[in-house]
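These are the residues of each chain, in order.
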Amino acid sequence: MQRINLFPNPVFAGPLTNTSHWGDANGTVRDNALHVTGSNGGFGFNVTVPFNVPLVLSMRVDASEDNVAGIMVIQTTDKPAINNMLFSQRLKRGISDVLCRFTVPSYGCRFEVNPNGIRDVAVSNVLIERADTYDTAVGGGLPGFFTGDTMPLG
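A few points on the structure. Nothing here was measured: the structure is a model prediction, and the numbers come from that model.

### So, the sheet that holds strand β10 (residues 121-130)
For step 1, the next point in the chain: In space, the 5 strands of this open sheet follow the order β2-β3-β10-β5-β8, with antiparallel pairing throughout. On the outer flanks of this sheet lie β2 (26-30) and β8 (94-102), each paired with one strand and no other. Recorded for the sheet is a direction-independent mean angle of 30 degrees between the axes of neighbouring strands.
For step 2, the next point in the chain: Sheet topology places β2 next to strand β3 (residues 33-37); 5 bridges connect them, and they run antiparallel.

See the structure below:
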């Protein structure tokens, strides 16, 4: 099966479109990354994904302060005030590689960055794809489990 990145603007090329934000969070593009700032709120993208299919989110994040900014994957609903958190991670200062698995049961999905008052959160190399194609591309299976036909030599 072919790998397909479902994230709508993985290299943040051109003007940002189809974004959503709340509070005073704002996003700009520079240095091949999305930079999000603001004292409260979130800035993100609605992402069209298949429902009830395991997905993988992979990205690089550079935060200017410890444990303040966060990354979230949210299941949106038909009621604007009601959303379900599928994944959330607070970030440490410096560069972090984020990798998570999630499944969206229905309706919609939003990828969001929450700066929470820090100077800058830079997000790059965003990938959202089906877990089965991701697993095949990176060697398959869970860490510690061998899924090939022969035992590796080593």
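Back to the text.
### Comments concerning the state of the cysteines
Disulfide: a covalent bond formed between the sulfur atoms of two cysteine residues.
For step 1, the next point in the chain: The tally for this structure, following the rule as stated, stands at 0 disulfides.
For step 2, the next point in the chain: Free of any disulfide, C109 has its nearest neighbouring cysteine sulfur in C100, separated by 9.7 Å.

### A look at the packing of aromatic side chains
Between two aromatic rings, the relevant description is the distance of the centres plus the angle of the planes.
For step 1, the next point in the chain: Per the counting criterion, the structure on display carries 5 aromatic pairs.
For step 2, the next point in the chain: When the centroid spacing of 6.0 Å and the interplanar angle of 75 degrees are considered together, the rings of F7 and F12 count as edge-to-face. Judged on exposure class, the residue F7 and its partner F12 are both buried.
For step 3, the next point in the chain: Ring centres of F7 and F111 lie 5.2 Å apart, and the angle between their planes is 85 degrees; this geometry places the pair in the edge-to-face category. With F7 in the segment before β1 (19-23) and F111 in strand β9 (residues 108-114), the pair connects residues that are 104 residues apart, well separated along the chain.

### Things to note about the environment of E129
For step 1, the next point in the chain: Mapped onto the secondary structure, E129 falls in strand β10.
For step 2, the next point in the chain: Overall, E129 belongs to the buried group, its relative accessible area being 1%.
For step 3, the next point in the chain: Sequence separation between E129 and S58 is 71 residues, and the spatial gap between their C-alpha atoms is 8.8 Å.
For step 4, the next point in the chain: Of note is the side chain of E129, whose polar atom sits 2.6 Å from the side chain of R3.

### Here's the deal with the sheet that holds β1
For step 1, the next point in the chain: The sheet built from 5 strands is open, its strands ordered β1-β4-β9-β6-β7 with antiparallel pairing. Only two strands of the sheet have a single neighbouring strand rather than two, namely β1 and β7 (84-90). This sheet shows a mean twist of 20 degrees between the axes of neighbouring strands, independent of strand direction.
For step 2, the next point in the chain: In this sheet, β7 lies alongside strand β6 (residues 70-76) in antiparallel orientation, the contact comprising 6 bridges. Along β7, the bridge assignment pairs V73 with F87.

Reading the values: the criteria
Each chain carries its own residue numbering, running from 1 in the written order of its sequence. With pLDDT at 70 or above as the cut-off, local features in this predicted model cover only qualifying residues; side-chain atom pairs require 80 or more to be listed or tallied, and sums for whole chains, interfaces and linings still use all residues. With hydrogens and water set aside, each side-chain value is computed from the structure's full complement of heavy atoms. Paired strands, in this sense, are two strands between which DSSP finds at least two bridges. Numbering of helices and strands runs from the N terminus; a helix is a DSSP stretch of H or I covering at least four residues, while a strand is a stretch of E covering at least two. For helices, the axis comes from a line fit to the C-alpha atoms of the stretch in contact; other axes are also lines fit to C-alpha atoms, and the angle between any two N-to-C directions lies between 0 and 180 degrees. Here, a disulfide means two cysteine sulfur atoms that sit within 2.5 Å of each other. Two aromatic rings from Phe, Tyr or Trp, using only the six-membered ring of Trp, form a pair when their centres are within 6.5 Å; if the ring planes differ by under 30 degrees the pair is stacked, by over 60 it is edge-to-face, and anything between is tilted. Exposure categories follow from relative accessible area, calculated using a 1.4 Å probe and restricted to protein chains: below 20% of the type maximum is buried, above 50% is exposed, and the middle band is partly exposed. Within 3.5 Å is the distance limit for a polar contact, defined as a pair of N or O atoms, with the added protein rule that one can donate a hydrogen and the other accept it, and that residues adjacent in sequence qualify only through two side-chain atoms.

Note that all results are geometric; they support no functional claim without further evidence.
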